[in-house]
Amino acid sequence: MKKLVMIGNGMAGVRTIEEILKLSPNQFEITIFGQEPHPNYNRIKLSNILQGDTSFEEIIINPLDWYKENNIQLFTGEAVTKIDIAAKKVISDQGREVEYDDLIIATGSNSFILPIPGADKIGVTGFRDIKDCEMMIKSAENYKKAVVIGGGLLGLEAARGLLNLGMKVDVVHLMPSLMERQLDPIASSLLKTELESQGMRFLMEKETVEIIGDERVAGLRFKDGSFARADLVVMAIGIKSNTMVAKESGIYVNRGIVVNDFMETSAPNVYAVGECAEHREIVYGLVAPLYEQGKILAERICGKEPVPYEGSVTGTQLKVAGVDLYSAGEIFEDGTTKSIMVYNEYEGIYKRVLVRDNRIVGIVLYGDTKDSTRLFRMLSKKEDITGISIFESQCSAEGGSGDIASMPNDELVCGCNGVTKGAIVEAIKTQGLTTLDQVSHCTNAGRSCGRCKPMVNDILAYTLGDQFDASAAQKTSICGCTTISREELVAEIKEKGLTSVKEVMNVLEWNNEEGCTKCRPAINYYLGMIHMDEYKDDRDSRLVNEKMHANIQKDGAYSVVPRMYGGVTTAADLKKIAEVAEKYEVPLVKLTGGQRIGLFGVKKEDLPSMWEELDMPSGYAYGKTLRTVKTCVGAQFCRYGTQDSMSLGIELEKKFERLDTPHKVKMGVSACPRNCSEAGIKDIGFVGIDGGWEIYVAGNGGVDLRAGDLLATVKTEADVMEMTGAYLQYYRETANYLERTSKWVERVGLEHVKEVLANAETRKELNERMDQTLKKYIEPWNEAIESEEIKDKYYTKHTVKAGE
Ligand SMILES: Cc1cc2nc3c(=O)[nH]c(=O)nc-3n(C[C@H](O)[C@H](O)[C@H](O)COP(=O)(O)OP(=O)(O)OC[C@H]3O[C@@H](n4cnc5c(N)ncnc54)[C@H](O)[C@@H]3O)c2cc1C
Ligand SMILES: NC(=O)c1ccc[n+]([C@@H]2O[C@H](COP(=O)([O-])OP(=O)(O)OC[C@H]3O[C@@H](n4cnc5c(N)ncnc54)[C@H](O)[C@@H]3O)[C@@H](O)[C@H]2O)c1
Ligand code: SF4
Ligand code: FES
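Residues numbered from 1 in each chain as written. Chains lettered and ligands numbered in written order. Predicted model: local features only at pLDDT ≥ 70, side-chain atom pairs only at ≥ 80, totals over all residues. Heavy atoms only, no water.

### Points about the overall build of the protein
Step number 1: If you tally the helices and strands in the protein, you get 27 helices and 36 strands.
Step number 2: In terms of overall dimensions, the protein has C-alpha extents of about 85 × 60 × 60 Å along its principal axes.
Step number 3: Residues classed as buried in the protein amount to 55% of the 804 residues present.
Step number 4: Sequence-distant contacts in the protein: of pairs separated by 6 or more residues, those separated by 24 or more amount to 62%. (Helix = DSSP H or I, 4+ residues; strand = E, 2+ residues; numbered from the N terminus. Buried < 20%, exposed > 50% of the residue type's maximum accessible area, 1.4 Å probe, protein only. Contact = heavy atoms within 4.5 Å.)

### A closer look at the UniProt feature "domain: Nitrite/sulphite reductase 4Fe-4S" (unreviewed entry) in the protein
Step number 1: Mapped onto this numbering, the UniProt entry annotates "domain: Nitrite/sulphite reductase 4Fe-4S" (unreviewed entry) at residues 623–759.
Step number 2: When the span residues 623–759 is considered, its composition is 34% helix and 22% strand, and the gap between its end C-alpha atoms is 31 Å. (UniProt positions renumbered as here; feature names shortened; annotations may be inferred.)

### Here we look at the sheet that holds strand β3 (residues 73–76)
Step number 1: Read from one edge to the other, the open sheet built from 5 strands follows the order β3-β2-β1-β7-β19, with strand pairing classed as parallel. The sheet terminates laterally at β3 and β19 (270–272), the two strands that pair on one side only. Each strand of the sheet is rotated relative to its neighbour by a mean of 15 degrees, with strand direction disregarded.
Step number 2: Sheet strands in contact with helix α1 (residues 11–23) are β1 (2–7), β2 (28–34) and β7 (102–105), and its direction is about 160 degrees off that of β1. (Pairing = 2+ DSSP bridges. Axes fitted to C-alpha atoms, helices over the stretch in contact; angles between N-to-C directions.)

### Quick notes on the nonpolar core
Step number 1: The biggest cluster of nonpolar side chains holds 50 residues, and the ones touching the most others in it are Ile17, Ile20, Ile83, Val90, Ile104 and Ile105.
Step number 2: What Ile20 contacts, discounting residues up to four positions off in sequence, is Leu4, Pro25, Phe28, Ile104, Ala298, Ile301 and Cys302.
Step number 3: Met136, Leu183, Met204 and Leu318 belong to the second largest nonpolar core, which has 43 residues in total. (Core = buried A, V, L, I, M, F, W, Y, C linked by side-chain atoms within 4.5 Å.)

### Some remarks on the pairing of β7
Side-chain positions along a regular strand alternate between the two faces of the sheet.
Step number 1: Alternating residues of β7 divide into Asp102 and Ile104 and Leu103 and Ile105, and every residue in both groups is buried.
Step number 2: Relative to β19, β7 runs parallel, the two being bridged by 3 bridges. Residue Ile105 lies in a different strand from β19, and its bridge partner there is Ala272.

### Focus on the site of ligand 2
Step number 1: Around ligand 2 sit 23 residues, and of these Glu157, Glu180, Arg181, Gly238 and Gln317 come closest.
Step number 2: A distance of 3.3 Å separates a nitrogen atom of ligand 2 from a polar backbone atom of Leu174.
Step number 3: A distance of 2.9 Å separates an oxygen atom of ligand 2 from a polar backbone atom of Gly238.
Step number 4: For ligand 2, whose unbound accessible area comes to 840 Å², protein coverage reaches 87%.
Step number 5: Looking at the shell around ligand 2, the elements that each hand over two or more residues are α5 (153–164) and β11 (168–173).
Step number 6: Sort the elements by how many residues they give to the shell around ligand 2 and α5 lands first, with 3 residues. (Near = heavy atom within 4 Å. Polar contact = N/O pair within 3.5 Å; in protein donor to acceptor, adjacent residues only side chain to side chain. Areas by Shrake-Rupley, 256 points an atom, 1.4 Å probe, with all protein chains shown as cover.)

### A look at the packing of aromatic side chains
Step number 1: In the structure shown here, the tally under the stated rule is 14 aromatic pairs.
Step number 2: Counting every residue linked through ring pairs, the aromatic cluster contains Trp611, Trp781, Tyr794 and Tyr795.
Step number 3: It is Arg15 that lies over the ring of Tyr291; its NZ or CZ is 3.8 Å from the centre.
Step number 4: The aromatic ring of Tyr143 is capped on one face by Arg216, whose charged end is 3.8 Å from the ring centroid. (Phe/Tyr/Trp six-rings, centres within 6.5 Å; stacked < 30°, edge-to-face > 60°. Lys NZ or Arg CZ within 6 Å of the ring centre and 35° of its normal.)

### Considerations on the site of ligand 3
Step number 1: In the region of ligand 3, the neighbouring residues are Cys632, Gly634, Cys638, Tyr640, Gly641, Ser670, Ala671, Cys672, Arg674, Asn675 and Cys676.
Step number 2: Tallied by class, the residues present in the shell around ligand 3 amount to 6 nonpolar, 4 polar and 1 charged. (Nonpolar A, V, L, I, M, F, W, Y, C, P; charged D, E, K, R; others polar.)

### A short note on the sheet that holds strand β6 (residues 97–99)
Step number 1: With respect to topology, 3 strands assemble into an open sheet ordered β4-β5-β6, the strand pairing being antiparallel. Whereas interior strands pair on both sides, the edge strands pair on one side only; in this sheet they are β4 (80–84) and β6. In this sheet, neighbouring strand axes are inclined to one another by 20 degrees on average, regardless of whether the strands run parallel or antiparallel.

### Quick notes on helix α19 (residues 571–583)
Step number 1: With 13 residues, α19 extends 18 Å between its outermost C-alpha atoms, agreeing within 8% with the 18 Å of an ideal straight helix rising 1.5 Å per residue.
Step number 2: If you check which residues of α19 are buried, you get Ile577, Val580 and Ala581. Looking down the long axis of α19, one finds its buried residues gathered within 100 degrees of arc, a one-sided arrangement. In α19, the exposed positions that point more than 90 degrees away from the buried face belong to Ala571, Ala572, Lys575, Glu579, Glu582 and Lys583.
Step number 3: Against β30 (588–591), β31 (597–602) and α20 (607–614) lie the buried residues of α19.
Step number 4: Glu585, located one to two residues past α19, shows a positive phi value of around 50 degrees. (Expected span 1.5 Å × (residues − 1). Arc of directions from axis to C-beta.)

### Looking at the pairing of β1
Step number 1: Note that β1 and β2 share 6 bridges and pair parallel. By the bridge assignment for β2, Val5 is matched with Thr31.
Step number 2: A crossover connection joins β1 to the parallel β2 through α1; in handedness this β-α-β unit is right-handed.
Step number 3: The pairing of β1 with β7 spans 4 bridges and is classified as parallel. By the bridge assignment, Met6 is partnered in β7 with Ile104. (Right-handed = clockwise from strand over helix to strand, strands pointing away.)

### Quick look at the packing of α19 against α20
Step number 1: It is the contact of α19 with α20, at a shortest axis distance of 9 Å, that shows an interaxial angle of 155 degrees. It follows that α19 is roughly antiparallel to α20 by the angle criterion. Viewed along their axes, α19 and α20 form a crossing whose handedness is right-handed. Counted together, Lys576, Ile577, Val580 and Lys583 of α19 and Met610, Glu613 and Leu614 of α20 form the full contact between these two elements.
Step number 2: A per-class count over the contact of α19 with α20 returns 4 nonpolar, no polar and 3 charged. (Parallel < 35°, antiparallel > 145°, perpendicular 65-115°, else oblique. Left-handed = near helix turned anticlockwise from the far one by under 90°.)

### A short note on the confidence of the model for the protein
Step number 1: Across the protein, the average pLDDT comes to 93, with 97% of residues at 70 or higher.
Step number 2: Below pLDDT 50 for its whole length, residues 395–402 participates in 7 contacts with residues either more than four positions away or in separate chains.
Step number 3: Segment residues 799–804 is flagged for pLDDT under 50; beyond a separation of four residues in sequence, or across chains, it makes 22 contacts in the model. (pLDDT = per-residue confidence, 0-100.)

### Things to note about the environment of Leu436
Step number 1: Counting through the fold element by element, Leu436 comes out in helix α12 (residues 436–443).
Step number 2: Spatially, the C-alpha atoms of Leu436 and Thr483 are 9.3 Å apart, while their sequence positions differ by 47 residues.

### Regarding a negative patch on the surface
Step number 1: Residues Glu612, Asp615, Glu783 and Glu786 make up a contiguous surface patch of negative charge.
Step number 2: Relative to the elements of secondary structure, Glu786 occurs in helix α26 (residues 780–786). (Patch = residues over 30% accessible without salt bridge, like charges linked within 9 Å, V, L, I, M, F, W, Y side chains within 5 Å. Salt bridge = Lys/Arg side-chain N within 4 Å of Asp/Glu carboxyl O. Lys, Arg positive; Asp, Glu negative; His and termini not counted. Charge placed at Lys NZ, Arg CZ, Asp CG, Glu CD.)

### What about the pattern of salt bridges?
Step number 1: Scanning all chains against the criterion turns up 56 salt bridges.
Step number 2: The partner of Asp771 in a salt bridge is Lys655, and the shortest N-O contact between them spans 3.2 Å. Taken together, the residues span a long stretch of sequence, with Asp771 in helix α25 (residues 760–774) and Lys655 in helix α21 (residues 645–656) at a distance of 116 residues.
Step number 3: The residue Arg658 makes a salt bridge to Glu657 at a minimum N-O spacing of 3.9 Å. Each member of the pair, Arg658 together with Glu657, is buried.
Step number 4: What you see here is one network of salt bridges that share partners, running through Lys351, Asp368, Lys370, Asp371 and Arg374.

### Things to note about the packing of α21 against helix α22 (residues 717–734)
The packing of two helices is summarised by the inter-axis angle and the distance between the axes.
Step number 1: Running from N to C, α21 and α22 cross one another at 35 degrees; their axes reach a closest spacing of 11 Å. In this structure, the crossing between α21 and α22 has a hand that is right-handed. Seen from α21, the contacting residues are Leu648, Glu651, Leu652, Lys655 and Phe656; seen from α22, they are Glu717, Val720, Met721, Thr724, Gly725 and Leu728.
Step number 2: Grouping the constituent residues of the contact of α21 with α22 by class yields 6 nonpolar, 2 polar and 3 charged.

Listed below in structure tokens is the structure:
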């Protein structure tokens with residue numbers, strides 16, 4: 001197999017890998033280095049995260065299991081620092097060397113930061129990655145005034161987000177009009193008026209010369225001597241291709257890494273794609289052209305003969321609620337162009353196309369962008385517009401399937417992913433698609449900025465005619481393999497008495513008979529939840545960490561975390577752990593955040609013997625199950641303790657260990673409100689008070705930080721166990737697979753959960769089902785140690801694929 005290495009784990013690079021896998025799934029052994037500590041995520045949606053519309057988990061495009069399923073070796077949080085072109089290998093900042101036959105550089109861009117005094121002060125940031133986004137969200141919790149430098153697409157989206165976060169926002173812009181590269185002065189002024197009405201304040205024609213403050217930013221000074229106060233400064237003044245590694249390795253670089261029409265750089269077998277690449281003197285900063293480049297590069301690398309890439313015409317839209325604008329091609333008139341224009345000042349609608357030699361060369365639409373796809377088709381296909389009515393949406397402003405019928409098949413519906421109406425209709429007809437999710441999965445339409453989704457839905461309605469079911473089309477199916485939602489799946493399993501993953505996929509007519517890494521673990525979970533004690537777990541349908549009963553690390557090694565009930569251990573257990581760590585030369589022994597001892601960097605083939613020698617239960621540090629119960633020392637030792645937190649923690653952990661839950665569950669038990677176990681940010685937290693316990697639920701200490709809500713106050717440990725059993729079982733029965741308790745409670749409502757659990761009979765029934773379920777679990781490592789088949793299948797040196 002040829003070795004393919006990619007530097008950069010972002011949108012353009014990973015899309016290229018997707019295209020390569022489609023064309024030739026077994027041609028390459030693929031390794032990807034990504035400097036960010038995450039799988040590939042939808043950078044476009046960072047604006048939506050900042051604006052509070054979505055969460056980081058929801059914008060992950062390729063989850064870690066996707067890499068595993070496709071046998072891709074992924075090194076996250078690791079940057080390549082050098083390419084040795086002569087030896088055909090890359091070297092990372094961690095000293096790792098990986099050889100390649102083909103190398104793709106997809107390192108994207110960095111934010112351009114003004115080289116002015118004070119630009120390195122705390123509170124000054126670009127807006128490029130999730131880290132920047134998190135920094136802004138954190139700042140908004142403690143500070144009030146933000147200044148965004150740059151009134152382009154990024155700056156305005158950032159400003160809207162900061163307003164949503166409750167900050168006062170000034171936008172400092174160098175030019176007399178906003179988005180001057182995309183809009184003409186009329187559209188620009190309409191935009192400014194709208195954004196001012198949303199609360200943004202604009203400081204136009206201001207050049208920032210200094211950022212002032214002590215350690216943290218306090219304000220900005222402008223060239224004209226004026227000043228603006230600021231607790232946070234976001235620089236959104238453009239991007240700079242990330243070409244450093246290429247340049248230092250001797251590859252020809254101009255503004256970007258210079259490539260030809262096949263994305264080949266000046267070095268043999270080295271290609272560049274995305275924002276780091278410069279093609280015919282253009283560096284693109286939108287995904288549509290980058291995905292086009294990726295398609296051509298994939299064909300080239302797979303040995304096909306692609307049509308050469310000749311560059312792209314791009315169209316842009318701003319992702320700010322209340323603003324509807326579209327821009328493509330040229331903006332300014334020269335002596336050779338004429339404008340066709342409609343301006344309804346009263347309704348704030350403005351449309352203008354620039355025409356040269358009877359052909360559209362530029363489009364600006366504000367307030368009504370329904371004509372955008374049609375006009376863009378005319379522009380990109382250089383259609384002669386003689387005798388054609390340019391602005392149709394004036395005549396049929398409502399849109400809908402009437403418009404779809406008259407839309408030619410080659411009209412672009414999803415600009416980001418280059419998907420036409422014809423391709424969508426064809427996929428719907430040939431693959432029997434009925435939901436938006438499925439169309440996205442099959443065609444890529446809607447997978448990036450999401451603006452095209454309403455039109456894709458209209459095409460679905462038009463193509464399916466009478467068979468179109470509007471609510472079904474919108475529903476979120478389990479994955480692209482089916483149209484079935486979680487509720488329907490659970491109902492069907494119960495009604496039809498389905499008992500295995502394969503049977504579910506067969507009977508419910510999955511369109512992909514093998515399923516995928518999204519649906520198989522979900523079906524396995526729902527079957528286990530419904531059939532309680534009699535369901536035989538389908539280990540191969542589990543996510544890879546659960547299948548291996550060990551957490552896979554970024555370098556392909558595993559971790560071993562033994563169970564320590566309530567975080568309490570003994571000298572004897574510590575000795576055993578130390579001996580095993582020494583004998584197997586474990587690279588890292590570390591206390592985990594959940595009060596456990598983790599052995600990290602373990603070889604797969606050592607796992608069974610290490611567990612055998614440890615002779616301790618698995619801590620399930622990898623599972624969608626109860627992870628840990630963290631306890632404070634409590635009344636046994638602490639002078640403030642009013643309750644025995646350790647005993648309760650141990651009892652809870654012993655009862656609920658190994659339980660399958662929709663997502664991981666963490667608990668904390670503190671013996672007084674000083675709350676040393678941080679029970680307020682656990683899925684379930686218990687706080688001792690005089691004469692009883694307070695039970696907090698839906699806390700989260702991770703990315704979506706959330707304080708727990710008080711569910712109930714109870715008197716005894718027995719009451720705690722009863723309430724916890726009922727709560728957990730209700731979560732198991734009603735949450736979506738991979739939904740954390742915090743999200744579940746927000747979705748179904750705390751009051752609803754309280755109401756359900758207030759009924760003693762309901763609690764009793766829930767606990768009965770919980771107890772029935774708990775009977776089936778056995779210690780997984782005991783089972784593995786005794787079974788040569790399990791050892792051979794999962795723990796010998798050959799690679800286990802997630803889909804196996
Ligand atoms: C907030 C925001 C909103 C946007 N909105 C839109 C939009 O609405 N529409 C649109 O079309 N585009 C939008 N974009 C632009 C779009 O996100 C980019 O064009 C796209 O992400 C570029 O893809 P890429 O793979 O070239 O770079 P990236 O997605 O930036 O990926 C490059 C990756 O390479 C990594 N890397 C860099 N150097 C190394 C190294 N030496 N070793 C290992 N890894 C390395 C980086 O850490 C990064 O993760 C937006 C961008 C931002 C920031
Ligand atoms: N909706 C979208 O399509 C979208 C959204 C966000 C980002 N992006 C992409 O991300 C990239 C970065 O976006 P961007 O808006 O930073 O880049 P940009 O180059 O499009 O805009 C930068 C703006 O900052 C202004 N500017 C430059 N120097 C300045 C200064 N010293 N003071 C004040 N203003 C100054 C410029 O006049 C320009 O309008 C682009 O490639 C963009 O296409 C796209
Ligand atoms: S939570 Fe209270 S009882 Fe527990 S250790 Fe802290 S102070 Fe002591
Ligand atoms: S237009 Fe952006 S995802 Fe379709």
